[in-house]
Amino acid sequence: FFCQKICADCGIDPQTRTCDLTEEEELRLAEEIGKYVLENPLRRMYKANCAHLLDIKHRRGLRLKAGLPVRWQRSNNTNARTARKLNPWRL
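Residues numbered from 1 in each chain as written. Predicted model: local features only at pLDDT ≥ 70, side-chain atom pairs only at ≥ 80, totals over all residues. Heavy atoms only, no water.

S.K.: Please explain the overall build of the protein as it appears in this structure.
M.R.: For the protein, the helix and strand inventory stands at five helices and zero strands. Its helices and strands taken in sequence order, the protein reads α-α-α-α-α from the N to the C terminus. In terms of overall dimensions, the protein has a C-alpha envelope of 55 × 30 × 20 Å along the principal axes. Burial status across the protein gives 20% buried among its 91 residues. Excluding contacts between residues fewer than 6 apart, the proportion of contacts in the protein whose partners are at least 24 apart in sequence is 19%. Taken as a whole, the protein presents about 7800 Å² of accessible surface, with 54% of it coming from carbon and sulfur. (Helix = DSSP H or I, 4+ residues; strand = E, 2+ residues; numbered from the N terminus. Buried < 20%, exposed > 50% of the residue type's maximum accessible area, 1.4 Å probe, protein only. Contact = heavy atoms within 4.5 Å. Areas by Shrake-Rupley, 256 points an atom, 1.4 Å probe, with all protein chains shown as cover.)

Structural data, given as structure tokens:
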């Protein structure tokens, strides 16, 4: 898990509660977490990748736009129906 790896890199016990962390430990933790792409930048990267696939008319991009399963699943079975329900507007 990433949380255990991050704690090990910072030298912090994973069982420590956040209210018990010192300021120095908080700073080390914030610096270590800053190395990863999280939240909005990650969402922007995903959206840009999908748009790129659509621009080049790649099969994956077209299926993303249609809300169908992307990774070679059949589209006449339950999985396709589930994908259409859960991801109607992926872009």
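S.K.: What is the right way to read the side chain of Glu 32 from this model?
M.R.: Along the chain, the position of Glu 32 falls in helix α2 (residues 23-33). With relative accessibility at 11%, the residue Glu 32 sits in the buried group. Once residues within four sequence positions are removed from consideration, Glu 32 is found in contact with Ile 6, Asp 9 and Cys 10.

S.K.: What exactly am I supposed to notice about the environment of Ala 8 here?
M.R.: Assignment of secondary structure puts Ala 8 in helix α1 (residues 2-10). For Ala 8, a relative accessible area of 58% corresponds to the exposed category. Linking Ala 8 and Asn 40, residues 32 residues apart in sequence, is a C-alpha distance of 26 Å.

S.K.: Even after reading the chapter, I still don't get the side chain of Glu 25, so can you show me in this structure?
M.R.: For Glu 25, the position within the fold is in helix α2. It turns out Glu 25 is buried and unbridged, and the closest side chain with the opposite charge, Arg 28, is 4.2 Å from it. In terms of polar contacts, Glu 25 uses its side chain to reach the backbone amide nitrogen of Thr 22, at 3.1 Å. (Lys, Arg positive; Asp, Glu negative; His and termini not counted. Salt bridge = Lys/Arg side-chain N within 4 Å of Asp/Glu carboxyl O. Polar contact = N/O pair within 3.5 Å; in protein donor to acceptor, adjacent residues only side chain to side chain.)

S.K.: How do you make sense of unusual backbone geometry when you look at a structure like this?
M.R.: Note on backbone geometry: most residues besides glycine have negative phi, and most peptide bonds are trans. With phi around 50 degrees, Glu 39 is a residue other than glycine that occupies positive phi space. By the element assignment, Glu 39 lies in helix α3 (residues 39-55). The class of Glu 39 is exposed, set by a relative accessible area of 57%. We note that Lys 57 has phi near 60 degrees; this positive angle belongs to a residue other than glycine.

S.K.: I tried to follow the packing of aromatic side chains on my own but got confused; where do I start?
M.R.: Aromatic ring pairs: the centre-centre distance and the angle between the two ring planes describe each pair. In the structure shown here, the tally under the stated rule is one aromatic pair. A centroid spacing of 5.9 Å and a plane angle of 55 degrees characterise the contact between Phe 2 and Tyr 36, whose relative ring orientation is tilted. Of this pair, Phe 2 sits in helix α1 while Tyr 36 sits in the loop between α2 and α3, and the two are 34 residues apart along the sequence. With a relative accessible area of 62%, Phe 2 lands in the exposed category. In this structure, Arg 59 packs its charged tip against the face of Trp 72, placed 3.9 Å from the ring centre. (Phe/Tyr/Trp six-rings, centres within 6.5 Å; stacked < 30°, edge-to-face > 60°. Lys NZ or Arg CZ within 6 Å of the ring centre and 35° of its normal.)

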